[in-house]
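Close look at the chain arrangement
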Amino acid sequence: MMYTTVADAAAPLRQIIAGKHHILVISHVNPDGDAIGSVVGLGLALEQQGHQTTWLVPTPVPPFATRMPGAERVQSYSQDQRLPATVDLVILVDTGDVQRITSIWEEQQTYLRARPLIVIDHHVTNSGEGLCNLVDPLSSSTCELIYGLLRAWDVEFTPELATALLFGITTDTQSFRTSNTTPSALRAAADLLEQYADREAIVRDVYHNTPFTYGKLLALALAEMQRAGDVVWTHVSQEMQRITGADDEAGSEVTDYLAGLGEFKASALFKERRDGTVKVSFRSNPPVDVASVAQQWGGGGHRQAAGCTIMQPLSDAEPLVIAALLQAVEGAQR
Ligand code: AMP
Ligand code: MN
Ligand code: MN
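This section reports on the structure supplied with the text. Because the structure is a prediction, the values reported are computed rather than measured.

Some thoughts on the side chain of His235
- Here His235 is to be found in strand β9 (residues 231–236).
- Note on His235: relative accessible area 14%, which makes it buried.
- A polar contact of 2.5 Å, which involves the side chain of His235, links it to the side chain of Glu224.
- Polar contacts involving the side chain of His235 include one to the side chain of Glu318, which spans 2.7 Å.
- Ignoring sequence-local partners within four residues, the contact set of His235 consists of Ala221, Glu224, Met240, Leu269, Phe270, Leu314 and Glu318.

Let's talk about the coordination of the manganese ion (ligand 2)
- Coordination of the manganese ion (ligand 2) by the protein involves His28 (NE2), Asp32 (OD), Asp32 (OD) and Asp94 (OD), with metal-donor separations of 2.1 to 2.6 Å.
- Each donor residue of the manganese ion (ligand 2) lies on one chain, and together they are spaced H-x3-D-x61-D.
- Distance-wise, the manganese ion (ligand 3) is placed 3.6 Å from the manganese ion (ligand 2), both being coordinated by Asp94. Of this pair, Asp32 sits in the loop between β2 (22–27) and α2 (33–48) while Asp94 is found in the loop between β5 (89–93) and α3 (102–113), placing the two residues 62 residues apart along the sequence.
- Using a relative accessible area of 26% as the deciding quantity, one classes Asp32 as partly exposed.
- Of the residues examined, Asp94 reaches a relative accessible area of 1% and is grouped as buried.

Things to note about the coordination of the manganese ion (ligand 3)
- Around the manganese ion (ligand 3), the protein contributes the donor atoms Asp34 (OD), Asp94 (OD), His122 (NE2) and Asp172 (OD), at 2.1 to 2.2 Å from the metal centre.
- Counting gaps between the donor residues of the manganese ion (ligand 3) yields the pattern D-x59-D-x27-H-x49-D.

Overview of the side chain of Asp121
- Mapped onto the secondary structure, Asp121 falls in strand β6 (residues 117–121).
- With no salt bridge to any partner, buried Asp121 finds its closest opposite charge in Arg100, at an N-O distance of 8.4 Å.
- At 3.3 Å, the side chain of Asp121 forms a polar contact with the backbone nitrogen of Thr95.
- At a separation of 2.7 Å, a polar atom in the side chain of Asp121 contacts the side chain of His123.
- When sequence neighbours within four positions are dropped, the list of residues in contact with Asp121 reads Asp94, Thr95, Gly96, Asn126, Leu134, Val135, Asp136, Thr142 and Leu145.

Section: helix α6 (residues 183–194)
- For α6, spanning 12 residues, the distance from its first C-alpha to its last is 16 Å, which sits close to the expected 16 Å at 1.5 Å a residue.
- Considered for burial, the residues of α6 that qualify are Ala185, Ala188, Ala189, Asp191 and Leu192. Looking straight down α6, one finds its buried side chains confined to an arc of 165°; they lie on one side. Structural note: α6 exposes Pro183, Arg187 and Glu194 on the side pointing more than 90 degrees away from its buried face.
- In the core, the buried residues of α6 are packed alongside α4 (142–152) and α5 (159–172).
- Positive phi appears at Tyr196, one or two residues downstream of α6, with a value of about 70°.

Comments concerning the site of ligand 1
- Around ligand 1, the surrounding shell holds 13 residues, and the nearest of these are His123, Lys279, Ser281, Arg283 and Gly300.
- Within the backbone of Gly300, a nitrogen or oxygen atom sits 3.2 Å from a nitrogen atom of ligand 1.
- Gly307 places a main-chain nitrogen or oxygen 3.3 Å from an oxygen atom of ligand 1.
- In the complex, the protein chains occlude 80% of the 480 Å² of accessible area that ligand 1 would expose alone.
- Those elements giving two or more residues to the shell around ligand 1 turn out to be β11 (278–284), β12 (300–301) and β13 (305–310).
- Looking at the shell around ligand 1, the element that brings in the most residues is β13, giving 4 residues.

Digging into the pattern of salt bridges
- Under the criterion given, the structure shown has 9 salt bridges.
- Arg204 serves as the salt-bridge partner of Asp205, at 2.9 Å between the closest nitrogen and oxygen.
- We classify Arg204 as partly exposed; its relative accessible area is 35%.
- A network of salt bridges, in which partner residues are shared, links Arg67, Arg204 and Asp205.

Things to note about the layout of surface pockets
- In this model, the second largest pocket occupies a volume close to 240 Å³.
- Lining the second largest pocket are 14 residues; nearest its centre among them are Val6, Asp136, Glu144, Leu145 and Ser184.
- At 4 residues, the largest contribution of residues to the lining of the second largest pocket is made by α4.
- Within the lining of the second largest pocket, the residues separate by chemical class into 6 nonpolar, 5 polar and 3 charged.

Parameters at a glance
Residues numbered from 1 in each chain as written. Chains lettered and ligands numbered in written order. Predicted model: local features only at pLDDT ≥ 70, side-chain atom pairs only at ≥ 80, totals over all residues. Heavy atoms only, no water. Helix = DSSP H or I, 4+ residues; strand = E, 2+ residues; numbered from the N terminus. Buried < 20%, exposed > 50% of the residue type's maximum accessible area, 1.4 Å probe, protein only. Polar contact = N/O pair within 3.5 Å; in protein donor to acceptor, adjacent residues only side chain to side chain. Contact = heavy atoms within 4.5 Å. Donors = N, O, S within 2.8 Å, 3.2 Å for Na, K, Ca; no water. Lys, Arg positive; Asp, Glu negative; His and termini not counted. Salt bridge = Lys/Arg side-chain N within 4 Å of Asp/Glu carboxyl O. Expected span 1.5 Å × (residues − 1). Arc of directions from axis to C-beta. Near = heavy atom within 4 Å. Areas by Shrake-Rupley, 256 points an atom, 1.4 Å probe, with all protein chains shown as cover. 1 Å grid on protein atoms, 1.4 Å probe; cavity = no way out; pocket = protein on both sides within 12 Å on 5 of 7 lines; lining within 4 Å. Points joined across faces, edges and corners; volume = space filled by probe spheres on them. Nonpolar A, V, L, I, M, F, W, Y, C, P; charged D, E, K, R; others polar.

Encoded structure:
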């Protein structure tokens, strides 16, 4: 079943969840603020309702989210980890398809297929693989969807719960700047503040927490910035990471900087991974749809923020992807 609104999904989801004892909540690889906020927010609420819960992501909680209350309980999956046999429901949050939980899906497919799956997400590219799916691409964030569900279920909002959900709404709207910053996203945020969400801690963690090494990496990446037509791009190589000492998350600083260059309609960051593959992060201004560009390489995301992985070296990936991006920009103008 596929629902696109909280109003329609609240009752059937509640019914499925009500009869379950041990719920495994999972989110995507390289979890962002919305992924961690969703796992923590939903996890705390389910616990409050008397369920046993396990919280899991494929790769570690990023440094900027580790101080969120509850984040310390999010487990990072380790190879061949034994998942609890008692789990009788899996809830996948902020994740467009099962491939996005990478190693967990690859190693635990039998385990996961043997249990009912609920999907709660806002990616336009979501393939609806759950027994029951709530996918609303108009929602600012998965945290906003979870907020709506919890309100419909009359859950009590503790400060920790409110902080986790506001964390995801804040980061996924890039501080209330994206096109999904709707009245309902703002109402959710206002309500969460009234429930004592710790706004100050979120601002500190997200915006006043940049490591020195990220600044050094940004400088190197910006020095190699290129432009063609309405598109701007650059790259982050393993060598640049080695020189600066910046970690794998540092690229997001560069992505954000490129997106701020107002004279372009789209931007791309090419990030060389340790295994030699290339992660591309796209950003665009309406009406350019970068989700469809990312999909050409098996990726996905949102119209204005998307990503994919290219199984080719940096020097080959760049011209290939930029050609497709230029085409999308030109297509959007017609
Ligand atoms: P990022 O550039 O990593 O910040 O990602 C931007 C958006 O695209 C996020 O909503 C991601 O969930 C989505 N995204 C990034 N990479 C992929 C991928 N390989 N497949 C599907 N969605 C992706
Ligand atoms: Mn996310
Ligand atoms: Mn999200």
